[in-house]
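Observations on the model geometry
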Amino acid sequence: MRRRDFVRNISAAGTAAALGACNQRPQAAEMSERAVPWVKDPTPFRRHPTNLETPIELLTDLITPNDLFFVRNHAPTPLLDAESFRLRVTGDAVDGETELSYEDILGLPSSSLTAYLECAGNWRGFSQILTGRLAQGGQWHRGAVGCAEWTGVKLADVLDRAGLKSSAVDVNLVGLDDGGFNRPMPIAKALDSDTLLVHTMNGAPLPPDHGYPIRAIVPGWAGSNSIKWLGQIRVSASKLWVKANTTSYVMIGPAWPSAEHQPAEGEPITVLNVKSVLALPWPAALGAGLHRIGGFAYSPHGRVQSVAFSTDEAEWRPARLLEPVLARAWAQFEFDWEAVAGEHTVRVRATDERGNTQPLTARHNTKGYLLNAPLPHPITVQ
């Protein structure tokens, strides 16, 4: 992938340090003594209790390097061994329990997909700006998103090997992390040809923080469905309800009456929404003059068709999309801006090939999910 040098307000030395973070998996003895819940070097990231948020301004390519890919954990990263790893497929909608080793999975037909992954709570920290009200939960800014090339096997092939029954309704993926985070999906999404169980990320074995040895990738859906450290697949002939689709990862507010979604407290989140973001620090500082500014746009519904930008509430003008523009990945864009001294705001707005576009206003929901109105990015020009 060709490199694009986007405008940013960081030193060259700082960039080199961030991009040089080690991607190797530490020895078990070292990991057992770590004082943080991650294995990777957290230095370049904005830290949350168990999460690492990527500074978008460090990203210059279509592919997010493994070392800079955000981490969304519900518990500290577990340290697993591939040799003893077993994936169990169980439930009343398969012929019987099936167990697969890591080598078994590597031996199945392989598929690769370039896809973005985003936490449904990305942008939650901007709820006050976008809706006028704060939202509950970790205050993510713009960096709970990244794009990688994922390689693994189709979940459909694993289900077929287990003897999938026509009665199947839901498929629940269960992680091996503390608490066994899990979130069901309908059988139709599980059988989608792009729903994968992956072992490789950007050409390397999955790093521990990203699900080693096996994780799911469910493109276009909330990142909470892409279960890491996958240990069990439960296939059910009835609808499944768990914490992650009843009290968390649900839209709660007057627009999503709980009475219509029982036993969930609101509408469970599935598909994400179209968004775009500038690859600049927040807030940004630039010198006066002509600047080429870039960013990323993405949609769960297909390819990004166009991106527009607006400065200081002026009319929307077209930005340039950069190749490649892929159906499951994010796309890069750029535009030229003649900056004059003063305080400014710049917004960007994406539209996908199906006509979905970012709304100009946002509706508040209690937990700040799926916010996607164009962000007013503050820029000081000196």
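Here the structure is a predicted model, which is why all the values come from computation and not from measurement.

Some words on the nonpolar core
One finds Val89, Trp150, Leu159, Val171, Leu197, Ile233 and Val235 to be the most contacted residues of the largest nonpolar core, which totals 72 residues. Examining the composition of this core, we find that 5 residues originate from one element, strand E6 (residues 145–154), more than from any other. Apart from the residues lying within four places of it in its own chain, the contact partners of Ile233 are Leu87, Arg88, Val89, Thr90, Leu155, Val158, Leu159, Val171, Asn172, Leu173 and Leu197. Formed by 22 residues, the second largest nonpolar core is a distinct cluster that contains Val274, Phe309, Phe333 and Trp337.

Notes on the sheet that holds strand E8 (residues 182–186)
Spatially, the 5 strands line up as an open sheet ordered E4-E3-E12-E7-E8, and their pairing is mixed. Edge positions in the sheet fall to strand E4 (98–101) and E8, since each has one partner strand and no second. Across the sheet, the mean angle separating the axes of adjacent strands is 20° when strand polarity is ignored. Strand direction decides the pairing type here: strand E3 (residues 86–90) and strand E12 (residues 230–236), joined by 3 bridges, are parallel. When the bridges of E12 are listed, Val89 appears paired with Ile233.

Remarks on the sheet that holds strand E17 (residues 289–298)
Across the sheet, which stays open at both edges, the 4 strands sit in the order E15-E17-E21-E20 with antiparallel pairing between neighbours. Strand pairing shows two members of the sheet lacking a second neighbour, strand E15 (275–278) and strand E20 (320–322), which therefore form its edges. The average undirected angle you get between the axes of adjacent strands in this sheet is 30°. Judged from the 3 bridges that link them, E20 and strand E21 (residues 331–339) form a sheet pairing that is antiparallel. Within E21, the position partnered with Leu321 by the bridge is Phe333.

A few points about the pairing of E15
Burial of the side chains of E15 extends over both faces: Lys275 and Val277 are buried on one face and Ser276 and Leu278 on the other. As paired strands, E15 and E17 are joined by 4 bridges and run antiparallel to one another. Directly across from Ser276, in E17, lies its bridge partner Ala297.

Comments concerning unusual backbone geometry
Residue Pro213 is reached from Tyr212 by a cis peptide bond, and omega for that bond is 10°. Examined against the element boundaries, Pro213 turns out to sit in the loop between strand E10 (204–205) and strand E11 (215–217). The backbone of Trp123 sits at a positive phi, close to 80°, despite the residue not being glycine. For Trp123, the location among the structural elements is in the loop between strand E5 (111–118) and helix H4 (127–131). Positioned with a positive phi, Asp312 is a non-glycine residue whose angle comes to about 55°. Relative to the assigned elements, Asp312 resides in the loop between strand E18 (304–311) and strand E19 (317–318). You can call Asp312 partly exposed: its relative accessible area is 39%.

Thresholds applied
Residues numbered from 1 in each chain as written. Predicted model: local features only at pLDDT ≥ 70, side-chain atom pairs only at ≥ 80, totals over all residues. Heavy atoms only, no water. Core = buried A, V, L, I, M, F, W, Y, C linked by side-chain atoms within 4.5 Å. Buried < 20%, exposed > 50% of the residue type's maximum accessible area, 1.4 Å probe, protein only. Helix = DSSP H or I, 4+ residues; strand = E, 2+ residues; numbered from the N terminus. Contact = heavy atoms within 4.5 Å. Pairing = 2+ DSSP bridges. Axes fitted to C-alpha atoms, helices over the stretch in contact; angles between N-to-C directions.

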